[in-house]
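So you can see what is in the structure, the chains are spelled out below.
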Amino acid sequence: MTVEPFPVEPTDSFPRQYARTRRFSLGRPRTFAVAEDGSRVAFLRSRASDDPVGCLWVFDVATSEERLVFDPATGGDEHLSPEERDRRERRRESLIGVTDHATDRAARVSAFAMDGGLYLADLIEGGARRIEVGAGDPFDPRPDPSGVRIAYVSDGALRVVEADGTADRELASDPDPDVRWGEAEFVAAEEMDRLRGFWWSPEGDRIVAARVDDRPVRVWHIASPVDPEASPRAVRYPRAGTDNAIVTLAVLDLDGGRVDVDWDRGAFEYLVSVGWASEGPLTIVVQSRDQRRMRILAVDPDTGATRTIREDRDDRWLDIVGGVPGWLPDGRLVRTLDVEDTKRIAFDDEPMTPPGLQVVEVLDVGEHVVFRGSEDPTEIHVYRLALDGTVSRLTGAPGVHTGAVGGDALVLTSATMDALPTTRVVRGGEEVATLGSFTEEPLLIPRPTFLAGGERTLRMAMFTPDGAEPGGKLPVLLDPYGGPHFGVVQKAMGIHFESQWFADRGFAVLAIDGRGTPNRGPEWDRAVYRNLADPVLEDQVDGLHAAAERFPFLDLDRVAIRGWSFGGFLAAMAVLRRPDVFHAAVSGAPVTDGTFYDTHYTERYLGLPDEEIEAYARYRLLDDAPNLSRPLMLIHGLADDNVYVANTLALSKALMEAGRPHTVLPLSGITHAPLDPAVAENLLMLQVRFLRDALGMRDRDPLDR
């Protein structure tokens with residue numbers, strides 16, 4: 001397929017292009033499902049670089065042809081159920097139209113929900129038809145492995161319908177609207193990467209489903225200040241130290257039979273994952289509230305009885321690794337172990353991957369194991385682990401790579417510093433084709449200098465105007481995330497656009513990954529245990545000083561910091577606690593008090609608020625308000641249901657009570673990810689103006705037209 005580049009309007013600025021293309025994510029293939037025999041790849045992609053309407057496509061591996069299966073052909077307002085709206089927010093979804101899909105085992109059909117309806121697409125002949133169901137607002141439809149029926153959720157009930165639209169029936173429901181079947185509770189979707197709540201048996205004759213009882217969870221409210229007549233939206237939010245949802249499991253027959261799954265939920269209240277594959281038993285993973293114990297359990301689907309296969313313990317916490325546990329054809333269990341300061345794949349209890357190769361995620365378990373791993377925290381590659389322990393790297397270029405597997409076909413998506421992400425289909429070790437992409441050429445190309453420095457060999461990336469050596473001193477802007485789960489110092493172009501844009505406006509921009517950021521081993525991760533503040537801030541300061549020794553053009557008398565989410569917390573903390581180093585900050589969507597954030601994330605690092613008072617005190621920024629002596633801009637979406645705006649408003653209130661001037665930028669109708677193009681564009685412009693003024697950059701902005 002020949003892909004023509006999308007024309008760029010001559011009046012485009014980079015912030016406008018960046019916002020219009022949703023950070024260059026539109027028009028790119030994504031959400032892959034590969035047939036078990038490797039013959040087809042179903043995926044989503046919009047039809048242009050600024051078109052947010054997701055379409056369903058299929059790639060035929062034998063002919064190397066792409067075909068459009070279904071185009072919603074609409075960009076208008078969508079009807080979204082509350083469940084679908086929440087799912088999109090948990091995924092930070094940038095598409096409308098077809099935003100997710102699920103296929104049968106052979107990838108002959110694909111089911112998806114759109115605009116309040118359930119659709120089934122024919123991946124062989126093309127096209128999709130709406131299946132009329134008795135219930136409203138279908139959510140998360142999934143065909144059974146053979147593709148002859150579809151399970152879905154509607155109004156908190158789990159239902160199933162035949163593929164021809166007949167015999168629509170309810171499998172499980174509850175009269176209380178706060179008890180839902182077949183869905184993932186908030187912390188599972190937000191913190192555990194478990195977005196599902198039901199799973200088909202390999203034979204397609206039964207379903208194991210989660211029952212989520214949200215009644216113990218406290219109710220928070222999200223109001224729309226720009227629409228005073230609208231009632232606030234009630235949301236069940238499990239803030240740290242309070243009750244979680246009660247999550248249980250049941251095996252459901254298609255004729256209405258039910259068997260409850262029994263495990264020690266008092267000791268293990270978190271349901272981490274469920275796997276029901278043709279190899280091995282029905283397998284679940286459960287975790288204790290303090291996240292120091294995790295059990296792998298085999299479930300008897302006929303009785304609901306469970307037996308412990310493995311139990312892991314850690315004095316601090318246990319990580320959730322995607323894609324495990326799994327079962328090899330010879331009956332061995334595939335899991336991960338922390339051995340020699342390395343997260344390693346193990347077969348049963350025997351580590352198989354080498355020390356120093358940090359396992360990030362397992363993509364497939366079959367005749368071999370395909371996984372993502374990191375030997376250098378600035379890169380993530382795809383590897384194959386043979387059953388005899390041989391490890392082969394499948395990706396070559398420095399960057400961040402991921403994949404999807406079906407039979408002997410592998411779909412590899414590679415993000416490097418040389419180009420936007422590209423997706424290749426490989427079969428039998430030979431490249432078949434590169435999937436088409438409608439992304440456009442960026443108006444800006446990041447040109448970082450990667451370095452390591454300081455006592456802890458911190459990974460850093462330095463950006464200068466146009467990537468050139470400056471002729472004189474430059475004000476410094478730190479641009480970190482800085483916390484668990486995400487590193488910004490990676491060799492992938494897409495991460496660095498904003499850093500380069502700020503650099504082109506007269507800053508030396510420095511990104512630093514300190515303790516707690518991923519892919520440097522368990523001890524590095526756990527250095528923030530019970531102290532998610534001091535080590536994080538200390539590493540930003542140390543990294544800054546280490547970079548200044550190498551780059552004498554850094555003006556340490558003019559240092560600013562900006563960040564979002566955890567990075568927003570870090571930015572606010574920097575000017576509150578280290579005004580000797582940081583002279584201005586932009587803090588977006590920060591957590592300012594640990595008790596304002598959710599249970600699973602916060603308690604992993606800080607423990608329970610009533611028991612770990614000092615840990616929460618170190619994390620709390622409200623008490624630092626009287627110390628503010630530097631310019632601080634706080635930004636927050638008023639519709640954010642992940643980091644509630646209460647965090648920013650509480651800090652602003654404390655600053656006002658202390659008589660400390662500051663700037664607050666409320667974003668009406670915006671959630672945790674500002675995807676609205678006008679808001680996203682102007683957010684960059686407002687931040688740079690604030691920072692230039694705060695650092696006394698009175699010269700003309702180099703990019704002013």
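The following paragraphs examine the structure supplied in this document. For clarity, every value in this text was computed on a predicted model and none was experimentally measured.

**Quick look at the nonpolar core**
- Core analysis: the largest hydrophobic core is formed by 108 residues, its most contacted members being Leu 478, Phe 502, Phe 507, Leu 554, Phe 582 and Leu 691.
- Here this core takes 9 residues from helix H7 (residues 566-577), the largest share from any one element.
- In this structure Phe 582 touches Leu 478, Leu 537, Gln 540, Val 541, Val 559, Ile 561, Ala 574, Val 575 and Arg 630, once residues within four positions along its chain are discounted.
- Counting 20 residues, the second largest nonpolar core, distinct from the first, contains Val 274, Ile 284, Leu 297 and Val 299.

**Some thoughts on the packing of aromatic side chains**
- In this structure the tally under the stated criterion is 27 aromatic pairs.
- Ring centres of Trp 317 and Tyr 605 lie 5.0 Å apart, and the angle between their planes is 80°; on these two criteria the pair is classed as edge-to-face. In this pair, Trp 317 sits in the loop between strand S24 (306-313) and strand S25 (326-327) while Tyr 605 sits in helix H8 (residues 599-606), placing the two residues 288 residues apart along the sequence.
- For Trp 317, a relative accessible area of 2% puts it in the buried group.
- Overall, the relative accessible area of 2% leaves Tyr 605 in the buried class.
- Between Tyr 597 and Tyr 601, the aromatic rings sit 5.4 Å apart at their centres with planes inclined by 85°, giving edge-to-face as the arrangement. No difference in accessibility class separates Tyr 597 from Tyr 601, as the two residues are buried.
- Cluster of aromatic residues (ring-pair linked, three or more members): Trp 317, Tyr 529, Tyr 597, Tyr 601 and Tyr 605.
- Cation over ring: Arg 45 sits above Trp 57, and NZ or CZ is 4.0 Å from the ring centre.
- A cation over a ring is seen here: Lys 491 above Phe 450, with NZ or CZ 5.8 Å from the ring centre.

How each quantity is defined
- Residues numbered from 1 in each chain as written.
- Predicted model: local features only at pLDDT ≥ 70, side-chain atom pairs only at ≥ 80, totals over all residues.
- Heavy atoms only, no water.
- Core = buried A, V, L, I, M, F, W, Y, C linked by side-chain atoms within 4.5 Å.
- Buried < 20%, exposed > 50% of the residue type's maximum accessible area, 1.4 Å probe, protein only.
- Helix = DSSP H or I, 4+ residues; strand = E, 2+ residues; numbered from the N terminus.
- Contact = heavy atoms within 4.5 Å.
- Phe/Tyr/Trp six-rings, centres within 6.5 Å; stacked < 30°, edge-to-face > 60°.
- Lys NZ or Arg CZ within 6 Å of the ring centre and 35° of its normal.

Treat this as a map of the structure, not an account of what it does.
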